[in-house]
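Here are the chains, one letter per residue:
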Amino acid sequence: MLNFYTAPIAGGAAYNCAGYWGTTCGAPTPHWRHVLNTDWQAPWAGLDLSLRWRYIGPSQTDHASKIRSWERLYFQPTAHIGGYSYIDLSLSAPIAATGIDLRVGVNNLTGKAPPIIPSGSYTECPNSSCNDNTWVGTYDTLGRYLYAHVQVKF
């Protein structure tokens, strides 16, 4: 993301929030984010293995920026969020010739915890938009989780 302009006051100045998060910018908008999927179709019985890498680039609180109107006290230890990688793995296979396909998988394979963003006197979470002291729309808050999916064709 090269630019992500926001105007906190209608008709007021617009600010580039790319790479920032906080009171003015809201949820983190890192300069780089990607999802890379790769699949392997095994030569046995329709078995497929999928690997997905989700990456969220680094960002910092808008309170630490050089823009004067954004400057205010902030909690130094959490002012910068480094890059986050999540690895997901899934396996799918047909169950005989019955027309039933099974997919099982695990998201956030390593169980990586989201960054903790404090609330209170030095909060960088505007209007209590951080749930569980993190940005739930950006980072995995559930940790590692397993799933299964059954598809029946008839």
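Residues numbered from 1 in each chain as written. Predicted model: local features only at pLDDT ≥ 70, side-chain atom pairs only at ≥ 80, totals over all residues. Heavy atoms only, no water.

## Considering the sheet that holds strand 10 (residues 145–152)
- As summarised here, the arrangement of the five strands in space is 4-5-8-9-10, forming an open sheet in which the pairing is antiparallel. Here the strands that pair on one side only, and so sit at the sheet edges, are strand 4 (33–41) and strand 10. Across the sheet, the mean angle separating the axes of adjacent strands is 15 degrees when strand polarity is ignored.
- Here nine bridges tie strand 5 (residues 48–56) to strand 8 (residues 84–95), and the two strands are oriented antiparallel to one another. Paired with tyrosine 55 across the bridge in strand 8 is serine 85. (Pairing = 2+ DSSP bridges. Helix = DSSP H or I, 4+ residues; strand = E, 2+ residues; numbered from the N terminus. Axes fitted to C-alpha atoms, helices over the stretch in contact; angles between N-to-C directions.)

## Brief notes about the side chain of aspartate 140
- With respect to the helices and strands, aspartate 140 occurs in the loop between strand 9 (100–107) and strand 10.
- A polar side-chain atom of aspartate 140 sits 2.8 Å from a polar atom in the side chain of arginine 54.
- Leave out the neighbours within four places in its chain, and aspartate 140 touches Arg54, Tyr86, Asn108, Lys112 and Pro114. (Polar contact = N/O pair within 3.5 Å; in protein donor to acceptor, adjacent residues only side chain to side chain. Contact = heavy atoms within 4.5 Å.)

## A short note on the sheet that holds strand 6 (residues 59–61)
- Strand order in this open sheet of three strands is 3-6-7, and the pairing throughout is mixed. The sheet terminates laterally at strand 3 (20–21) and strand 7 (80–81), the two strands that pair on one side only.
- Where strand 3 meets strand 6, two bridges bridge the pair, whose relative direction is parallel. Note on strand 6: the bridge partner recorded for tryptophan 21 is threonine 61.

The analysis is restricted to geometry; functional conclusions fall outside its scope.
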